[in-house]
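Listed below are the residues making up each chain.
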Amino acid sequence: MRSAPDRSGAAPPRRIEPAALGRPLLLVNLKTYPTALGAGAERIARTLEELGRSTGVPVAVAPATPDISRLTAQLRLPVLAQHVDPVDPGPRTGFVPPEAVAAAGARGSLVNHSEHPLSPSEGRETALRLNRLGLVAVVCARDVAAARRLARLRPPYLAIEPPDLIGGDRSVSTARPEVILSVVRAVAAVSPETVVLCGAGVHTRHDVEKARELGAQGILVASAVTRAPSARNALAELLAGF
Ligand code: G3P
């Protein structure tokens, strides 16, 4: 017997495959660095895709929103948004609902990055909306307490990034190993399928190796690539740590 049609208009919840973007994962957040906008975003993403393919390491990229469709039209690697707004599509100006990035070909979005924080309810709503559309949520936590709370959303990916280390020279994996260990344990206890990433200050293969020794299954990185004299050399250095 067919079930009654869902007249709520909400898409039925769709299950995101565990590790849908791959595991381990190198996720490059281009932020809005001038070198990583427009053609610059395409250059970095193309190099990332090429090196990911040659090394066999799963990779993904999060460009500025206007560049999402440029990258999805040209390349095959997973493209994520850096942020989406937990709103319905419709009579809204300047917002970016998950449906908009899905229409641009994105595979998912960062949620609650410390540079674009959301309230707990906004974070939950955003993650649920992404999941309902079959989009991958990479939920970001600034500390262990936030990671423990956000793990209850059972997101496909959770990234721990201490804000004070972001953009600096000290890697989270060497400066705060205890934070990574605590987050890995906290998330495993609540949502074993969630893949834990870490980021902030990661630059070298040693930073990546150390993070993986601590239990992180991927890296979120920005300035090591976007501020490098050679994005290719920077990406090769990071990938050598997987
Ligand atoms: O989303 C990743 C980013 O916040 C880390 O920044 O420059 O320390 O690699 P960065």
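Residues numbered from 1 in each chain as written. Predicted model: local features only at pLDDT ≥ 70, side-chain atom pairs only at ≥ 80, totals over all residues. Heavy atoms only, no water.

With respect to empty space enclosed by the protein
Empty space among the atoms can be located by rolling a probe the size of a water molecule over them. Our working definition: Here a cavity denotes grid points, spaced 1 Å and computed from the protein atoms alone, that fit a 1.4 Å probe unable to get out, and a pocket denotes an open set having protein on both sides within 12 Å along at least 5 of 7 lines; residues with an atom within 4 Å of a point are the lining. Grid points are joined across faces, edges and corners, and a volume is the space filled by probe spheres set on the points. Secondary structure is summarised from DSSP: a helix means a run of H or I of at least four residues, a strand means a run of E of at least two, and numbering begins at the N terminus for each. Three categories are distinguished: nonpolar for Ala, Val, Leu, Ile, Met, Phe, Trp, Tyr, Cys and Pro, charged for Asp, Glu, Lys and Arg, and polar for the others, with Gly belonging to the last.
Evaluation of the coordinates by the stated rule reveals 1 cavity of 30 Å³ or more. Each pocket or cavity is described by its volume, and for the largest cavity that value is around 120 Å³. Along its surface, the largest cavity is lined by 16 residues, and Lys31, Ala200, Leu220, Val221 and Ala222 are the ones closest to its centre. Among the elements of the structure, strand S8 (218-221) and helix H9 (223-226) are those that each provide at least two residues to the lining of the largest cavity. In terms of residue class, the lining of the largest cavity is made up of 8 nonpolar, 6 polar and 2 charged.

Some details on the pairing of S8
Test applied: Accessible area is worked out with a 1.4 Å probe on protein chains only. A residue is then buried under 20% of its type maximum, exposed over 50%, and partly exposed in between. One requirement defines pairing of two strands: DSSP has to find at least two bridges between them.
Here S8 shows a buried face lined by Gly218 and Leu220 and a second buried face lined by Ile219 and Val221. Relative to S8, strand S1 (residues 25-29) is paired through 4 bridges, and the arrangement is parallel. Counterpart to Leu27 in the pairing with S8 is Leu220. Relative to S8, strand S7 (residues 195-199) runs parallel, the two being bridged by 2 bridges. Within the sheet, the bridge partner assigned to Gly199 lies in S8 and is Leu220.

Observations regarding the environment of Ile219
Selection rule: Throughout, a contact is declared for two residues whenever any of their heavy atoms are within 4.5 Å.
By the secondary structure assignment, Ile219 is in strand S8. Taking C-alpha positions, Ile219 is 5.6 Å from Gly199, a pair spaced 20 residues apart along the chain. Excluding its chain neighbours within four sequence positions, the residues that come into contact with Ile219 are Leu25, Leu26, Leu27, Leu197, Cys198, Val202, Val208, Ala211 and Phe242.

Some points on the site of the ligand
Quick reminder of the rule: Any residue with at least one heavy atom within 4 Å of a molecule or strand is counted as near it. Pairs of N or O atoms within 3.5 Å make up the polar contacts considered here, provided that, within protein, one atom can donate a hydrogen while the other can accept it, and that residues adjacent in sequence are counted only when both atoms are side-chain atoms. The Shrake-Rupley method, run with a 1.4 Å probe, gives the accessible areas here. Residue values count only the displayed protein chains as cover. For a cavity or pocket, the test is whether more than half of a molecule's atoms lie within 2 Å of its grid points; if they do, the molecule sits there.
Neighbouring the ligand are Asn29, Lys31, His113, Glu161, Ile166, Gly167, Ala200, Gly201, Leu220, Val221, Ala222 and Ser223. A distance of 3.1 Å is found between an oxygen atom of the ligand and a side-chain nitrogen or oxygen belonging to Lys31. Ser223 is positioned such that a nitrogen or oxygen atom in its side chain is 2.5 Å from an oxygen atom of the ligand. For the ligand, whose accessible area on its own is 310 Å², the fraction buried by protein is 100%. In a pocket analysis with a 2 Å cut-off to the grid points, the ligand is assigned to the largest cavity. Grouping the amino acids of the shell around the ligand by side-chain chemistry returns 5 nonpolar, 5 polar and 2 charged.

Some words on the sheet that holds S7
To keep things clear, this is the line we draw: Every axis in this analysis is a line fitted to C-alpha atoms, fitted for helices over the stretch in contact. Angles between the N-to-C directions lie between 0 and 180 degrees.
Reading across from one edge, S2-S1-S8-S7-S6-S5-S4-S3 is the order of the 8 strands in this open sheet, with parallel pairing throughout. The two strands at the open ends of the sheet, each matched to only one other strand, are strand S2 (59-62) and strand S3 (80-81). Note that S3 and strand S4 (residues 108-111) share 2 bridges and pair parallel. Its bridge partner being in S4, Ala81 is matched across the sheet by Ser109. The strands that helix H10 (residues 231-239) touches are S1, S2 and S8; relative to S1, the one it contacts most, it runs at about 150°.

Things to note about helix H4 (residues 120-132)
Heads up, the rule is: In this scheme, a helix's expected span is set at 1.5 Å multiplied by one less than its residue total. Arc definition: directions from the helix axis to the C-beta atoms.
Here H4 spans 18 Å end to end across 13 residues, near enough to the 18 Å set by a 1.5 Å rise per residue. Of the positions making up H4, those classed as buried are Gly123, Thr126, Ala127, Arg129 and Leu130. For H4, the arc enclosing every buried residue in end-on projection is 165°, short of the 170-degree limit, so these residues lie on one face. In H4, the exposed residues that point more than 90 degrees away from the buried face are Pro120 and Ser121. Looking at the packing, one finds that the buried side of H4 touches helix H3 (98-103), S4 and strand S5 (136-141). Once H4 ends, the next one or two residues include Gly134, with phi positive near 75°.

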